[in-house]
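# Coordinates in review
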Amino acid sequence: MLQVPFIRQNKELVLERLAVKHFKETALIDEIIALDDRRKKLTLEYDETQAQVNSLSKEIGKLMAQGKKEEGEQQRAAVNALKEKLGPVNEELNATEKALHDTLAKIPNLPSVQVPAGKTPEDNVEVRRGGTIPTLDAAAVPHWDLAKKYDLIDFELGNKITGSGFPVFKNKGARLQRALIQYFLDYNIGNGYLEYAPPYLVNEASAYGTGQLPDKEGQMYHATEDNYYLIPTAEVPVTNIYRDEIVKDTDLPIRMTAYTPCFRREAGSYGKDVRGLNRVHQFDKVEIVQIVHPEKSYEALDEMVAHIEKLLNALELPYRILRLCGGDMSFASAITYDFEVYSAAQQKWLEVSSVSNFEAYQTNRMKIRYKENNGKPQLTHSLNGSSLALPRIMASLLENNQTPDGIRLPEVLHRYFGDTTI
RNA sequence: GGUGAGGUGCCUGAGUGGCCGAAAGGAACGGUUUGCUAAACCGUCGUACGGGUUAAACUGUACCGAGGGUUCGAAUCCCUCCCUCACCGCCA
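Residues numbered from 1 in each chain as written. Chains lettered and ligands numbered in written order. Predicted model: local features only at pLDDT ≥ 70, side-chain atom pairs only at ≥ 80, totals over all residues.

### A word on the overall build of chain A
To be explicit about the condition: Helix and strand assignments follow DSSP, with helices taken as H or I runs no shorter than four residues and strands as E runs no shorter than two, numbered in order from the N terminus. As a rule, residues whose C-beta atom has 12 or fewer other C-beta atoms within 10 Å are exposed, those with 20 or more are buried, and those in between are partly exposed; C-beta atoms are placed from the backbone.
Looking only at helices and strands, one finds 13 helices and 18 strands in chain A. Across its three principal directions, the C-alpha atoms of chain A cover 100 × 45 × 45 Å. Each of the 422 residues in chain A was classed as buried or not, and the buried ones make up 37%.

As structure tokens, then:
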């Protein structure tokens, strides 16, 4: 979330930036400032009264030790009187702090100046394209047909075992999946990311830390018995590794990568674009996360974009990079680049990665800070990106590389897959 | 799941009602010494929110797993919850 001192000092800028995100409840900004004023006033009142209580209490201790019982009793009465005042002040202070916190949580992150001011996905700005869109012959079919033809994925079987949106990968489909994961991880590790294998269920505090709660509660599967959430992305457990930590500035940047399955309820998104692997409830993804010095986060962002672009080039997939407009960006993000690959048989662009700089929005929630020698702790910036989401990569690999004699795989995968073709 | 022990600062660990934001040691950081390394010695070595200041200095409050309670006063007593460890049971 945003920091109150920043809001106080930059109110006009905040309102201007929020307009880019089409944030309507601008009155909340004044409300925040008013609540903060109230909080300060109450804090002062409480602290001063409490200070009196404390010093009187010390005197009582001394008086008692000296055996001056009567004086002690008098003081005791005085303290009790002060404490009666204190109760209501404390209650109001707590309520004010909670209200401030809750209001603050409703304010999305400010988009960076590079973010275009559009509203819908049509307003996203294409930054560049790469790769070549293949020309398929007339007999070319979408990946769900290829999956059946080559016995790679069984969608109906998933229905039986669980429900729709839980495909079963089998045979060479399962092997390709494994090959991709292994390749992506190796690529990330080779570029300085430390591999983690985190839990797939997280507690409330972790879900809150990255912003899934309270905002996107309905998107996560919830194991109510233990109050754990199935992760919608590795971003959640991985970023939370550093929750409530103060690291040395020399430890930055922190670069982490993890493979995990991802679980998403995708409530309400039935019908469109859900065929085959386009949208599923459980999928595999390799994620990269960075925790960086605040002055270096845009450098890190560029680096991550280039990192993923190289990966798509290596996979020989046609892609485009979009800079999301204010209206299409997520709540917590300051800037987001989406990567889409072209799936040639469906003739559709499919999102396979999303790279975001959250600046200090997540780290303020999670209190991920750094400290230079003897300085005060400062918030770090956090970023993450998919590298990559598996299902749509697989869909486009299958569709784009189909030939009458089988599906050719890009060279980088040969040694991981153990073959050149499916 | 059962029984027992326990959760204190970066770590180890002392502290059972006021003199405790908290001993001591270690690590880390700065410095002195040193041909280098090591050692030795000196110093620093919390976080948040207020007040104060141009900024500091200075100063108040809170925090010893979390939340409540008792008390003039709680790391210390009581209650609830969470977690960790050990042993047993069960099981990958």
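### A few points about the environment of Leu-180
Just so we agree on the cut-off: C-beta atoms are first placed from the backbone for all residues, and any pair lying within 7 Å is then listed as a contact.
On the secondary structure map, Leu-180 appears in helix α7 (residues 171-190). Along the backbone, Leu-180 and Ile-393 are 213 residues apart, and their C-alpha atoms lie at a distance of 9.1 Å. Setting aside residues up to four positions removed in sequence, Leu-180 forms contacts with Leu-390 and Ile-393.

### Remarks on the sheet that holds strand β8 (residues 246-248)
Condition: When DSSP finds at least two bridges between two strands, those strands are taken to pair.
The 3 strands lie next to each other as β8-β14-β15, forming an open sheet whose pairing is mixed. The sheet is open, and its two borders are formed by β8 and β15 (378-379), each paired with just one other strand.

### Some words on the protein's contact with RNA strand B
Note the cut-off: Each residue gets a C-beta atom placed from its backbone. Should that atom fall within 6 Å of a molecule or strand, the residue is termed near it. Amino acids outside the nonpolar list (Ala, Val, Leu, Ile, Met, Phe, Trp, Tyr, Cys, Pro) and the charged list (Asp, Glu, Lys, Arg) are all regarded as polar, and Gly is one of them.
As a structural note, the neighbourhood of RNA strand B is formed by 21 residues, with Ala-51, Ser-57, Ile-60, Gly-61 and Val-79 the closest of them. Among the elements of the structure, α3 (27-65) and α4 (69-104) are those that each provide at least two residues to the surface near RNA strand B. A per-class count over the surface near RNA strand B returns 7 nonpolar, 7 polar and 7 charged.

### What to know about α7
Helical periodicity: at 3.6 residues per turn, an α-helix aligns residues three or four positions apart in one direction. Spelled out, the test is: Residue count minus one, scaled by 1.5 Å, sets the expected span of a helix. Think of it as the arc spanned by the lines of direction from the helix axis to the C-beta atoms.
Under the 1.5 Å per step criterion, the end-to-end length of α7 is 29 Å for 20 residues, consistent within 8% with the ideal 28 Å. Taken residue by residue, α7 has Gly-173, Leu-176, Gln-177, Ala-179, Leu-180, Tyr-183, Phe-184, Tyr-187 and Asn-188 as its buried positions. The buried residues of α7 all sit within an arc of 165 degrees when viewed along its axis, so they share a single face.

### Re unusual backbone geometry
For the bond running from Leu-252 to Pro-253, omega is -5 degrees, close enough to zero to count as cis. Along the chain, Pro-253 falls in the loop between β8 and β9 (254-263). Residue Ser-387 is joined to Leu-388 through a cis peptide bond whose omega torsion reads 10 degrees. You can see Leu-388 is positioned in strand β16 (residues 381-389). A positive phi is found at Asp-244, a non-glycine position, where the angle reads about 60 degrees. The class of Asp-244 is exposed, set by 11 C-beta atoms lying within 10 Å.

### A few points about the environment of Met-220
The topology assignment puts Met-220 in the loop between α8 (204-209) and β6 (222-223). Expressed as a C-alpha distance, the spacing of Met-220 and Gly-385, which sit 165 residues apart in the sequence, is 19 Å. When residues no more than four places from it in sequence are discounted, the contact partners of Met-220 are Ala-207, Gln-212, Tyr-229, Leu-230, Pro-232 and Arg-265.

### Regarding the confidence of the model for chain A
We count it as follows: A residue's pLDDT is simply how confident the predictor is in it, with values from 0 to 100.
Summary statistics for chain A give a mean pLDDT of 91 and a share of 98% for residues scoring 70 or more. Both confidence scores are given for the complex: pTM 0.91, ipTM 0.87.

### Things to note about the sheet that holds strand β4 (residues 194-196)
For the record, the criterion: Every axis corresponds to a line fitted to the C-alpha atoms, with the helix fit spanning only the stretch in contact, and the corresponding angles, defined between N-to-C directions, vary from 0 to 180 degrees.
Spatially, 8 strands are ordered β1-β11-β12-β13-β16-β10-β9-β4 in an open sheet, and the strand pairing comes out mixed. Single-partner strands in this sheet number two, and they are β1 (125-130) and β4. Within this sheet the neighbouring strands show an average axis-to-axis angle of 25 degrees, counted without direction. Relative to strand β11 (residues 319-323), β1 runs antiparallel, the two being bridged by 5 bridges. When the bridges of β11 are listed, Arg-129 appears paired with Arg-320. Taken strand by strand, α7 contacts β4, β9, β10 (282-292) and β16, and its axis lies near 5 degrees from that of β10. The sheet strands contacting helix α10 (residues 297-314) are β1, β10, β11, β12 (335-343), β13 (348-357) and β16, and the helix crosses β16 at an angle near 5 degrees.

### Description of the nonpolar core
What counts here: In plain words, the nonpolar core is the set of buried Ala, Val, Leu, Ile, Met, Phe, Trp, Tyr and Cys residues that C-beta atoms within 7 Å link up. Where each domain begins and ends is defined by an automated method or by a domain database.
One finds Leu-312, Val-341, Leu-388, Ile-393 and Met-394 to be the most contacted residues of the largest nonpolar core, which totals 91 residues. Mapping this core onto the domain boundaries places at least three of its residues in each of domain 1 (4-104) and domain 2 (121-417).

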